[in-house]
Amino acid sequence: LLSIPLFQSTDPSSIIVLTKYLCCNMSKPVSTAFEVHVSKEDFKFHAAHFVAFEGYRERLHGHNYKVGVRLLGSRKVASDGYVVDFGDIKKVTRAVCKELNEHFLCPMQSNVLKIVVSDTEGSNHKSNKKASVTLTCEDGSTFVFPRDDCALLPIVHATAEEMAVYLWSRILDGLNADYLLNRGIHTMEVIVAEAVGQEAVFRLEIPKESLSGPLDVANFVTTGKIKPVPCPSAPDTNNNNNKPLTNSKLQSACCEACRNEFSKQLKVLVSQLNDKKSPDDGAITVEDLQMIASDLKL
């Protein structure tokens, strides 16, 4: 510090600045805190879903979801030497993942899906194999699933972000908020990954008053219309009159752009394949590959 001109000066104003610096920076205690992070190989579930919002719907598909839990504690661990026992976290998280495994994630609070749960033999769906869940989308598509194959979740969209909020509530309920607070744990974080390197994180302070139920996921979702994001090969979203394209026109333009891009890729592939063929063989054409792709429903 003495090599810095400020600290070598005898000017009164410099001394005042130096005094304030020392008071503000040397009187602060070193900030320390404990935390634990658990992400095991069996913190996972395999599930189907699709994301839908106004003017947009994904195709039905699935993910191999993975879950991680992080608990942030105080500057000291509890008298047993733990922030919290890893075993407690593992037991609760595995149970929650098992509930969702091999199910369709049904967003019961969706504002664009009409969802009807039928149960012709009473409320106990487990005794009724004919119970079903029907989802009708804005574009007219209809999905019908057996009730036992669906996880009816209090979420608006079946995204990793909203799943993280839902899982936060379920895991907190299993661990017990009062127990965690008594151990000095003040915040919990839940990580949900759809794929390697593709994850959502939800972090929230543990409430000091007991929750009456799970978090209301809708409170964490903003309202308002969002345009579907066009694919990278889509054209400019403005027409000659500089008026934005409607969602349907934007989707049509995007699909046409994708077809053109796909055709270009096929031409490159055809060229490469024909370069490796014997001159006596007939040439492969783009139409040949398109026919193969159509047969395979690519």
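Coordinates for the structure precede this section.
Residues numbered from 1 in each chain as written. Predicted model: local features only at pLDDT ≥ 70, side-chain atom pairs only at ≥ 80, totals over all residues. Heavy atoms only, no water.

**Some remarks on the packing of aromatic side chains**
Enumeration over the complete set of coordinates arrives at 8 aromatic pairs. Measuring from ring centre to ring centre gives 5.2 Å for Phe202 and Phe220, while their planes differ by 85°; the resulting arrangement is edge-to-face. One end of the pair, Phe202, is in strand β12 (residues 198-205); the other, Phe220, is in the loop between β12 and α6 (247-276), and 18 residues separate them in sequence. For Phe220, a relative accessible area of 42% corresponds to the partly exposed category. (Phe/Tyr/Trp six-rings, centres within 6.5 Å; stacked < 30°, edge-to-face > 60°. Helix = DSSP H or I, 4+ residues; strand = E, 2+ residues; numbered from the N terminus. Buried < 20%, exposed > 50% of the residue type's maximum accessible area, 1.4 Å probe, protein only.)

**Observations regarding the packing of helix α3 (residues 86-100) against helix α4 (residues 160-175)**
A pair of packed helices is characterised by two quantities: the angle between their axes and the separation of those axes. Viewed as axis vectors pointing N to C, α3 and α4 meet at an angle of 130°, and their least axial separation amounts to 9 Å. The angle between α3 and α4 falls in the class oblique. In this structure, α3 crosses over α4, and the sense of that crossing is right-handed. In this structure, α3 uses Asp88, Ile89, Val92, Thr93, Val96, Glu99 and Leu100 to contact α4, whose residues at the interface are Met163, Tyr166, Leu167, Arg170, Ile171, Gly174 and Leu175. The residue inventory of the contact of α3 with α4, partitioned by class, reads 9 nonpolar, 2 polar and 3 charged. (Axes fitted to C-alpha atoms, helices over the stretch in contact; angles between N-to-C directions. Parallel < 35°, antiparallel > 145°, perpendicular 65-115°, else oblique. Left-handed = near helix turned anticlockwise from the far one by under 90°. Contact = heavy atoms within 4.5 Å. Nonpolar A, V, L, I, M, F, W, Y, C, P; charged D, E, K, R; others polar.)

**Describing the side chain of Ser110**
Within the secondary structure, Ser110 sits in the loop between β6 (103-107) and β7 (114-118). Judged by its relative accessible area of 12%, Ser110 falls in the buried class. A polar side-chain atom of Ser110 sits 3.1 Å from the main-chain amide nitrogen of Leu113. Those residues in contact with Ser110 that lie beyond four places of it in its chain are Ile155 and Val156. (Polar contact = N/O pair within 3.5 Å; in protein donor to acceptor, adjacent residues only side chain to side chain.)

**Observations regarding the pairing of strand β11 (residues 187-195)**
Across the 9 residues of β11, 8 count as buried, placing the element largely inside the fold. As paired elements, strand β5 (residues 61-72) and β11 share 7 bridges and run antiparallel to each other. Counted as the bridge partner of Lys66 is Ala193 from β11. With 8 bridges connecting them, β11 and β12 associate as antiparallel partners. Residue pairing in the sheet places Ala193 in a bridge with Glu199 of β12. Connecting the antiparallel pair β11 and β12 is a turn made up of 2 residues, with Gly197 showing a positive phi of about 75°. (Pairing = 2+ DSSP bridges.)

**Quick word on the pattern of salt bridges**
Charged atoms that come close allow side chains of opposite charge to pair. With the rule as written, the count across this model stands at 8 salt bridges. With a shortest N-O distance of 3.0 Å, Glu189 and Arg70 are connected by a salt bridge. Taken together, the positions of Glu189 in strand β11 and Arg70 in strand β5 put the pair 119 residues apart, joining distant regions of the chain. On the accessibility criterion, Glu189 (6% relative accessible area) is buried. With its nearest N and O atoms 2.6 Å apart, the salt bridge here joins Asp80 to Arg183. You can see Asp80 sitting in the loop between β5 and α3 and its partner Arg183 sitting in the loop between α5 (177-182) and β11, a full 103 residues away along the chain. A relative accessible area of 12% places Arg183 in the buried class. (Salt bridge = Lys/Arg side-chain N within 4 Å of Asp/Glu carboxyl O.)

**Topic: the nonpolar core**
Core analysis: the largest hydrophobic core is formed by 42 residues, its most contacted members being Phe45, Leu71, Leu105, Leu167 and Met188. Top element by residues in this core is α4. It accounts for 10 residues. Residues in contact with Leu71, not counting those within four places in the same chain, are Phe34, Glu35, Val36, Val84, Ile89, Leu175, Leu180, Ile185, Thr187 and Met188. In this structure, Ala52, Phe104, Cys106 and Leu113 belong to the second largest nonpolar core, which totals 12 residues. (Core = buried A, V, L, I, M, F, W, Y, C linked by side-chain atoms within 4.5 Å.)

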